[in-house]
Amino acid sequence: MKWQALFFALVTAAFCLGPGTAAPEQSLREAAWSSGILIGAAVRPAQLSEAAYASTLAREFNMVEPEDALKWEVVHPEPQTFDFSQADQVVDFASRHGMKVRGHTLVWHRQNPKWLTEGKFTSRELAEILETHIKTVVTHYRGKIFAWDVVNEASDEVHAGQLRSTIWRDQPGIALDTGRELRASNRDANEKARSGPEARSAQRDYAYIEQSFRWAHEADPQALLFYNEGADTEMVNAKSDAIYAMVRDFRQRGVPIDGVGLQMHISNLHADVASISTNIKRFTALGVQVHFTEMDVSLAVDANGNASPEDLQRQAEIYRQIAAVCLANHGCAAIQTWGFTDKYSWIGSHSKHTRGAALLFDQNYRAKPAYWALRNELEAGRR
Ligand code: G3I
């Protein structure tokens with residue numbers, strides 16, 4: 001009878017601690033401890049007052065990144081107004097729970113305020129606006145945000161290897177006009193490193209990126225500065241080749257770049273880990289680190305936002321593979337998911353709610369198979 005009771009207690013305990021429970025006995029951040037990999041999540045400040053959101057975030061992660069709160073439309077809503085209230089909540093939360101903070105993002109073509117995009121500024125004005133923005137935001141968080149996505153998604157999605165048309169590149173374009181004046185002090189180094197009309201044209205396009213890194217570095221010389229990109233650049237291809245060439249050029253000429261963010265939004269239940277690994281290796285060989293910055297694995301969902309059990313298992317395997325490829329490459333220093341609960345994710349509203357269930361916890365903060373796969377891999381992963 002005694003043995004039966006003991007057996008029952010053990011089975012109950014195993015069940016309670018196993019997949020599908022709300023409070024795992026060891027958290028991701030504990031599992032990641034021995035490997036030194038940072039484990040992060042993108043965060044929405046409005047949700048921090050929700051007990052389950054806050055407790056899960058604090059328990060599981062040692063890094064956070066404001067999902068939208070540091071984008072121009074939030075932080076710089078009027079020409080002369082900076083509003084740090086939302087992002088400050090995330091930074092305060094992180095400081096109370098021993099978490100690092102990534103900053104996202106200083107230069108992007110989306111989520112910019114109308115006063116900026118419709119302002120019809122001259123090149124000189126636009127350059128001054130960008131310099132003021134970068135320096136004001138980075139200075140506000142000096143010593144609090146350890147890594148910045150300085151420039152986000154600058155690559156053209158259609159024409160591999162080219163930069164996309166944005167207000168920064170060509171409206172009227174820091175890189176095309178004022179950029180030349182702004183870069184006058186760097187001219188000698190630039191001319192030594194490159195020559196010929198093609199190289200000069202590429203250099204002109206990339207100049208706003210270079211300048212942004214220089215301004216961010218001036219504002220906080222200790223912060224790690226990243227170029228962040230998605231849309232297949234996680235693998236080796238023409239787009240990531242162009243980013244690689246930019247990073248190599250920046251490193252050769254002393255432009256302060258410390259890392260590359262590979263977003264890792266996966267929507268086809270497939271990860272080409274061999275190619276991702278080769279990509280990480282070539283970037284880290286340049287002396288920069290790699291962060292996986294925005295991982296999620298979206299699935300087809302029903303009207304209630306639920307995915308099939310089979311897809312949830314396949315999703316778990318993707319999370320495992322991605323953790324493994326990061327652990328296997330020393331310069332891969334962080335894995336961050338874009339949100340952490342399926343209750344709040346950009347995927348639903350951006351797919352007419354046909355896709356979702358992309359994260360580690362379900363809508364009720366229960367750990368999913370993906371959570372266990374990631375956690376087990378982190379636990380096993382010794383570097
Ligand atoms: O600001 C309005 C708000 O006033 C309004 O009440 C609300 C109603 O829906 O919409 C708000 O705007 C939303 C904004 O996020 C702020 O929450 C937009 O509709 C929504 O489209 C926007 O989506 C964000 C998206 O970037 C915009 O491109 C997502 O939350 C955010 O997760 C997503 O993040 C990007 C990364 O920054 C870069 N990489 C890709 C990633 C996924 O798209």
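In this report, we go over the structure that sits alongside the text. (Residues numbered from 1 in each chain as written. Predicted model: local features only at pLDDT ≥ 70, side-chain atom pairs only at ≥ 80, totals over all residues. Heavy atoms only, no water.)

Moving on, we get to the site of the ligand. Taken together, 16 residues form the shell around the ligand, and within it Glu67, Asp68, Lys71, Glu153 and Glu294 come nearest. For the ligand, an oxygen atom lies 2.7 Å from a polar atom in the side chain of His104. One of the side-chain nitrogen or oxygen atoms of Arg110 is found 3.4 Å away from an oxygen atom of the ligand. In the complex, 55% of the free accessible area of the ligand, which totals 800 Å², lies under the protein chains. With respect to the detected pockets, the ligand is housed in the largest pocket. Of the residues belonging to the shell around the ligand, the class tally is three nonpolar, six polar and seven charged. (Near = heavy atom within 4 Å. Polar contact = N/O pair within 3.5 Å; in protein donor to acceptor, adjacent residues only side chain to side chain. Areas by Shrake-Rupley, 256 points an atom, 1.4 Å probe, with all protein chains shown as cover. 1 Å grid on protein atoms, 1.4 Å probe; cavity = no way out; pocket = protein on both sides within 12 Å on 5 of 7 lines; lining within 4 Å. Sits in = over half its atoms within 2 Å of the grid points. Nonpolar A, V, L, I, M, F, W, Y, C, P; charged D, E, K, R; others polar.)

The next thing to look at is the state of the cysteines. This model, assessed by the stated rule, comprises one disulfide. With its sulfur 2.1 Å from that of its partner, Cys326 forms a disulfide with Cys332. Taking the sign of the S-S torsion, -100° for the link of Cys326 and Cys332, the bridge is left-handed. (Disulfide = S-S within 2.5 Å.)

When two helices pack together, their arrangement is given by the angle between the helix axes and the distance between those axes. Put simply, helix H14 (residues 309-327) and helix H16 (residues 369-380) touch, their axes get as near as 8 Å, and they point 25° apart. When the axes of H14 and H16 are compared, the pair comes out roughly parallel. Seen from above, H14 lies across H16 with right-handed handedness. The segment H14 lies against H16, with Leu312, Gln313, Gln315, Ala316, Tyr319, Arg320, Ala323, Ala324 and Leu327 engaging Pro369, Ala370, Ala373, Leu374, Glu377 and Leu378. (Axes fitted to C-alpha atoms, helices over the stretch in contact; angles between N-to-C directions. Helix = DSSP H or I, 4+ residues; strand = E, 2+ residues; numbered from the N terminus. Parallel < 35°, antiparallel > 145°, perpendicular 65-115°, else oblique. Left-handed = near helix turned anticlockwise from the far one by under 90°. Contact = heavy atoms within 4.5 Å.)

Below, the discussion takes up the side chain of Arg375. Within the fold, Arg375 resides in helix H16. Of note is the side chain of Arg375, whose polar atom sits 2.9 Å from the backbone oxygen of Gln26.

Okay, the side chain of Ser277 next. Positionally, Ser277 belongs in helix H13 (residues 273-284). Owing to a relative accessible area of 14%, Ser277 belongs among the buried residues under this scheme. Discounting chain neighbours no more than four positions away, the residues touching Ser277 are Val325 and Asn329. (Buried < 20%, exposed > 50% of the residue type's maximum accessible area, 1.4 Å probe, protein only.)

Per the stated rule, a full pass over the model turns up 14 aromatic pairs. With 5.7 Å between their ring centres and 55° between their planes, Phe61 and Phe340 make a pair best called tilted. A residue pair is termed long-range when its members are at least 10 positions apart, and Phe61 in the loop between helix H3 (51-60) and strand E2 (63-66) and Phe340 in the loop between strand E10 (332-337) and helix H15 (346-349) qualify at 279 residues. There is no split in this pair, since Phe61 and Phe340 are both buried. With 6.1 Å between their ring centres and 65° between their planes, Phe213 and Phe250 make a pair best called edge-to-face. Residue Phe213 is located in helix H11 (residues 197-219), and its partner Phe250 is located in helix H12 (residues 238-253); the two are separated by 37 residues in the primary sequence. (Phe/Tyr/Trp six-rings, centres within 6.5 Å; stacked < 30°, edge-to-face > 60°.)

With that settled, consider H14. Over its 19 residues, H14 extends 27 Å from the first C-alpha to the last, a length consistent with the 27 Å expected when each residue adds 1.5 Å. Those residues of H14 not exposed but buried are Asp311, Leu312, Gln315, Ala316, Ile318, Tyr319, Ile322, Ala323, Val325, Cys326 and Leu327. Residues of H14 that are buried make contact with strand E7 (265-266), H13, strand E8 (289-297), strand E9 (299-300), E10 and H16. (Expected span 1.5 Å × (residues − 1).)

Once that is clear, we can look at empty space enclosed by the protein. One pass over the full model with this rule turns up two cavities of 30 Å³ or more. The space that makes up the largest cavity amounts to roughly 50 Å³. Lining the largest cavity are Ala154, Ser155, Gly161, Gln162, Leu163, Tyr206, Ile209, Tyr227, Lys239, Ala242, Ile243 and Met246. Among the secondary structure elements, those contributing two or more residues to the lining of the largest cavity are H11 and H12. Counting residues per element, the lining of the largest cavity draws most heavily on H12, which supplies four residues. Per-class residue counts for the lining of the largest cavity are eight nonpolar, three polar and one charged. Taken as a whole, the second largest cavity holds about 40 Å³ of empty space. Taken together, Val107, Trp108, His109, Val151, Asn152, Glu153, Ala154, Thr166, Trp168 and Tyr208 form the lining of the second largest cavity. Considering only residue class, the lining of the second largest cavity consists of six nonpolar, three polar and one charged. (Points joined across faces, edges and corners; volume = space filled by probe spheres on them.)

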